[in-house]
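Listed below, chain by chain, are the residues.
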Amino acid sequence: MVKVYIDGQEGTTGLKILERFKGRNDIELLKIDEDKRKDINERKKFINASDFTFLCLPDAAAIEAVSLVENDHVRIIDASTAHRTNPDWAYGFPELSPEHREKIRTSKRVANPGCYASGFISIVYPLVKAGIIPPYYPVFAYATSGYSGAGKKAIAAYESENKPAELLSPRQYALNMNHKHLPEMQKISGLAYKPMFNPIVDNYYSGMVVSVPLQGRLLQKKYTPEQVREALYENYRDAKLVEVMPAGSECVPDGFLTSNGLSGTNKMELYVFGDSEQMLLCSRLDNLGKGASGAAVQCLNIMMGIDETTGLI
């Protein structure tokens, strides 16, 4: 039985990780006293007593937590953005390649991907690798997400009985073009330039769709949607939690792709729409599942050497 500690377990991601451990008899959860959860010495004690520690903390606190590790046996899974572009850390998206999976399996330091970044990278990484998207392509992406990823204050505001009218509408944000997921989106995907990214939060709890348009005239040669879909399928053919959907509109018979269609699951679906002139590539996932706690538990399972879907839907 492995000992697991969650530093920051009172946050949304920490609570969701706890939920996913219910019924598991291969894990012993180390629980800090509520009145000591910010005591640095108590946290240090729990981190070093664990086999695995999840960091569900702001960036600065996550960096501090790593500095508390004295026991070389401790393995860290960090859900913050602090270490996602650090080459010494494994990037926690095992389906991207056998190399990503192996680094996660053997590493003592794993950086859990961001939710928007997971959707974006799931599309762009394999297409850059296949030579379909050139590294210098002017990539643009937009995404719709539920409010659960916006933090405790935002969740409380959205769930208030007296919420203002503007919260009933989709809201664009990160309008300074400097969203915190952009560094990993660029680096992990292998892009030469920072992509342009337009996130939108809406009045529903969880689930997201990240969309990447492709203009055929800007590519090095013309590709059909089926060729693009095949490149994605080749990358994910053995994936248990990532599915490349059938080509064309038959996978959305009513003509609508809902952003909350995978809410409550740990799955990811990839779609290719359009024609060789204009394509729209979409990645649908739950921002709390494959985009956060589900991905973290999947990485834990791989690091433990057990079925990666253990405890996941």
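See the structure above.
## Some words on the overall build of the chain
Right, on to step 1. Within the chain, the regular secondary structure consists of nine helices and 13 strands.
Right, on to step 2. Counting over 313 residues, the chain shows a buried share of 53%.
Right, on to step 3. Counting contacts in the chain only where the partners sit at least 6 residues apart, residues at least 24 apart contribute 71% of the total.
Right, on to step 4. When the accessible surface of the chain is totalled, it reaches about 14200 Å², and 51% of it is carbon and sulfur.
Right, on to step 5. If the 36 positive side-chain charges of the chain are averaged to one point and the 38 negative ones to another, these points end up 2 Å apart.

## Brief notes about the packing of helix 4 (residues 98-106) against helix 9 (residues 289-304)
Right, on to step 1. The N-to-C vectors of helix 4 and helix 9 enclose an angle of 70°; their axes lie 7 Å apart at closest approach. As summarised for this structure, helix 4 and helix 9 are arranged roughly perpendicular, according to the angle between their axes. Two secondary-structure elements touch here, helix 4 through Arg 101, Ile 104 and Arg 105 and helix 9 through Cys 299, Ile 302 and Met 303.
Right, on to step 2. By residue class, the composition of the contact of helix 4 with helix 9 is four nonpolar, no polar and two charged.

## Side note on the environment of Ser 169
Right, on to step 1. Structurally, Ser 169 can be placed in the loop between helix 6 (152-158) and strand 8 (171-172).
Right, on to step 2. Assessed through its relative accessible area of 32%, Ser 169 is described here as partly exposed.
Right, on to step 3. For the pair Ser 169 and Ser 118, spaced 51 residues apart in the sequence, the C-alpha separation amounts to 25 Å.
Right, on to step 4. Apart from the residues lying within four places of it in its own chain, the contact partners of Ser 169 are Val 201 and Asp 202.

## A short note on the pairing of strand 7 (residues 140-146)
Right, on to step 1. Of the strand pairs in this sheet, strand 7 and strand 9 (residues 196-202) are connected by seven bridges, and their pairing is parallel. Of the residues in strand 9, the one forming a bridge with Thr 144 is Ile 200.

## Quick notes on the sheet that holds strand 8
Right, on to step 1. Taken in spatial order, the seven strands make up an open sheet running 8-9-7-10-13-12-11, and their pairing is mixed. The outermost strands of the open sheet, each flanked by one partner alone, are strand 8 and strand 11 (242-244).
Right, on to step 2. In this structure, strand 10 (residues 208-215) lies alongside strand 13 (residues 278-285), joined through eight bridges in antiparallel fashion. Bridging from a neighbouring strand, Pro 213 pairs with Leu 280 of strand 13.

## What about the packing of aromatic side chains?
Right, on to step 1. Taken as a whole and judged by the stated rule, the model has seven aromatic pairs.
Right, on to step 2. Pairing Phe 21 with Phe 54 gives two aromatic rings, centres 6.0 Å apart and planes at 55°, and the pair type is tilted. In this pair, Phe 21 is assigned in the loop between helix 1 (12-20) and strand 2 (27-30) and Phe 54 in strand 3 (residues 52-55), connecting sequence segments 33 residues apart.
Right, on to step 3. The class of Phe 54 is buried, set by a relative accessible area of 1%.

## A look at the side chain of Ser 118
Right, on to step 1. Residue position: Ser 118 is located in helix 5 (residues 115-129).
Right, on to step 2. Setting aside residues up to four positions removed in sequence, Ser 118 forms contacts with Phe 93, Pro 113, Met 268, Leu 285, Lys 290 and Gly 291.

## With respect to the environment of Val 272
Right, on to step 1. With respect to the element layout, Val 272 can be found in strand 12 (residues 268-274).
Right, on to step 2. Between the C-alpha atoms of Val 272 and Ser 293, which are 21 residues apart in sequence, the distance is 27 Å.

## Looking at the layout of surface pockets
Right, on to step 1. Its volume calculated, the largest pocket comes out at about 1200 Å³.
Right, on to step 2. Every element with two or more residues in the lining of the largest pocket is listed here: strand 1 (2-7), helix 1, helix 3 (59-67), helix 5, strand 7, helix 6 and helix 9.
Right, on to step 3. By residue number, the principal contributor to the lining of the largest pocket is helix 1, which donates four residues.
Right, on to step 4. Looking at side-chain class alone, the lining of the largest pocket contains 20 nonpolar, 19 polar and 11 charged residues.
Right, on to step 5. Looking at the second largest pocket, its volume works out to about 200 Å³.
Right, on to step 6. Lining the second largest pocket are Pro 94, Glu 95, Leu 96, Ser 97, Pro 98, Arg 101, Glu 234, Asn 235, Tyr 236, Arg 237, Asp 238 and Ala 239.
Right, on to step 7. Breaking the lining of the second largest pocket down by element, the ones donating at least two residues are helix 4 and helix 8 (225-236).

How each quantity is defined
- Residues numbered from 1 in each chain as written.
- Predicted model: local features only at pLDDT ≥ 70, side-chain atom pairs only at ≥ 80, totals over all residues.
- Heavy atoms only, no water.
- Helix = DSSP H or I, 4+ residues; strand = E, 2+ residues; numbered from the N terminus.
- Buried < 20%, exposed > 50% of the residue type's maximum accessible area, 1.4 Å probe, protein only.
- Contact = heavy atoms within 4.5 Å.
- Areas by Shrake-Rupley, 256 points an atom, 1.4 Å probe, with all protein chains shown as cover.
- Lys, Arg positive; Asp, Glu negative; His and termini not counted.
- Charge placed at Lys NZ, Arg CZ, Asp CG, Glu CD.
- Axes fitted to C-alpha atoms, helices over the stretch in contact; angles between N-to-C directions.
- Parallel < 35°, antiparallel > 145°, perpendicular 65-115°, else oblique.
- Nonpolar A, V, L, I, M, F, W, Y, C, P; charged D, E, K, R; others polar.
- Pairing = 2+ DSSP bridges.
- Phe/Tyr/Trp six-rings, centres within 6.5 Å; stacked < 30°, edge-to-face > 60°.
- 1 Å grid on protein atoms, 1.4 Å probe; cavity = no way out; pocket = protein on both sides within 12 Å on 5 of 7 lines; lining within 4 Å.
- Points joined across faces, edges and corners; volume = space filled by probe spheres on them.

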